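# Understanding the architecture of this molecule
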Amino acid sequence: VVSRWIDELVVGQGFCPWAAPAKSAGHIRVVSSEAATEDGVITDLLAEARELPRGNLPEHDGTTGPTTVVLVCPKVRSWQAGWRGFQNFARFFELRLQGGQAWVQSEGVRVVSFHPDYTRCTILKPNQAIEVVLPDGQPTRARVLR
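These notes cover the structure that comes with them.

Reading guide: rules and limits
- Residues numbered from 1 in each chain as written.
- Predicted model: local features only at pLDDT ≥ 70, side-chain atom pairs only at ≥ 80, totals over all residues.
- Heavy atoms only, no water.
- Salt bridge = Lys/Arg side-chain N within 4 Å of Asp/Glu carboxyl O.
- Helix = DSSP H or I, 4+ residues; strand = E, 2+ residues; numbered from the N terminus.
- Buried < 20%, exposed > 50% of the residue type's maximum accessible area, 1.4 Å probe, protein only.
- Core = buried A, V, L, I, M, F, W, Y, C linked by side-chain atoms within 4.5 Å.
- Contact = heavy atoms within 4.5 Å.
- Phe/Tyr/Trp six-rings, centres within 6.5 Å; stacked < 30°, edge-to-face > 60°.
- Arc of directions from axis to C-beta.

## Remarks on the pattern of salt bridges
Under the criterion given, the structure shown has six salt bridges. Here Arg96 makes a salt bridge to Glu38, at a shortest N to O gap of 3.7 Å. Placement of the pair is Arg96 in the loop between helix H4 (82-95) and helix H5 (104-107) and Glu38 in helix H3 (residues 38-51), with a sequence separation of 58 residues. Owing to a relative accessible area of 36%, Arg96 belongs among the partly exposed residues under this scheme. Using a relative accessible area of 24% as the deciding quantity, one classes Glu38 as partly exposed. Among the salt bridges present, the one from Arg96 reaches Asp39, with a minimum N-O distance of 2.6 Å. Placement of the pair is Arg96 in the loop between H4 and H5 and Asp39 in helix H3, with a sequence separation of 57 residues. Put simply, Glu38, Asp39 and Arg96 are held in one network by salt bridges that share partners.

## Section: unusual backbone geometry
In this structure, Gln98 takes a positive phi of about 50° despite not being glycine. Looking at the element boundaries, Gln98 is found in the loop between H4 and H5.

## What to know about the nonpolar core
Val41, Trp79, Leu97 and Trp103 are the most contacted members of the largest nonpolar core, which has 19 residues in total. At the level of elements, H3 and H4 are the ones that each hand at least two residues to this core. By residue number, the principal contributor to this core is H3, which donates five residues. Filtering out sequence-adjacent residues up to four positions away, Val41 remains in contact with Ala35, Leu71, Cys73, Val76, Trp79 and Phe92.

## Here's the deal with the packing of aromatic side chains
Enumeration over the complete set of coordinates arrives at two aromatic pairs. Note on Trp79 and Phe89: the rings are 5.0 Å apart at their centroids and 85° apart in plane angle, and the pair reads as edge-to-face. Taken together, the positions of Trp79 in the loop between strand S2 (68-72) and H4 and Phe89 in helix H4 put the pair ten residues apart, joining distant regions of the chain. Ring centres of Trp79 and Phe92 lie 4.9 Å apart, and the angle between their planes is 50°; this geometry places the pair in the tilted category. Of this pair, Trp79 sits in the loop between S2 and H4 while Phe92 sits in helix H4, and the two are 13 residues apart along the sequence. For Phe92, a relative accessible area of 3% translates into the label buried. One aromatic cluster in this structure is built from Trp79, Phe89 and Phe92.

## Describing the side chain of Glu48
Among the secondary structure elements, Glu48 is positioned in helix H3. Judged by its relative accessible area of 14%, Glu48 is buried. Not counting residues within four places of it along the chain, the set of residues in contact with Glu48 comprises Arg29, Val31 and Val69.

## Focus: helix H1 (residues 2-11)
Those residues of H1 that fall on the buried side of the exposure criterion are Ile6, Leu9 and Val10. One side of H1 holds all its buried residues, which, seen down the axis, span an arc of 110°. Facing away from the buried surface of H1 by more than 90 degrees, the exposed residues are Arg4 and Glu8. On its buried face, H1 is in contact with helix H2 (19-24), strand S1 (28-32) and S2.

Shape is all these values report; function is a separate question.
Laid out in structure tokens, this is it:
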């Protein structure tokens, strides 16, 4: 299920600029977290981040393992309550992970978030212009397709 979701949504729809090159090189690692709390998820995320190679993806030689980790968190109950769960997850991502930027300096990684109820998000609208960060760290403009 997770692999199909990665193929069809994350890679297929281009939601994460790092996913397609990592997928084609066979460097995506999928991990199921046993954490039931946000603090536990932070611990698991940091442990996985520290296992990744340092530096930008284009500089990675492809011999040292995954360059992208998908951490599945099925046991955090506050994230499972439909739309309210999505809001709780979004709050965690923005506040605790600083919108994915919390460990850019200390660990050399960005966290990209996905939630099963992302399609119900009313923050992004079709055709809306947004700014995203490319794998080389450079910001660029993009458009929301769906």
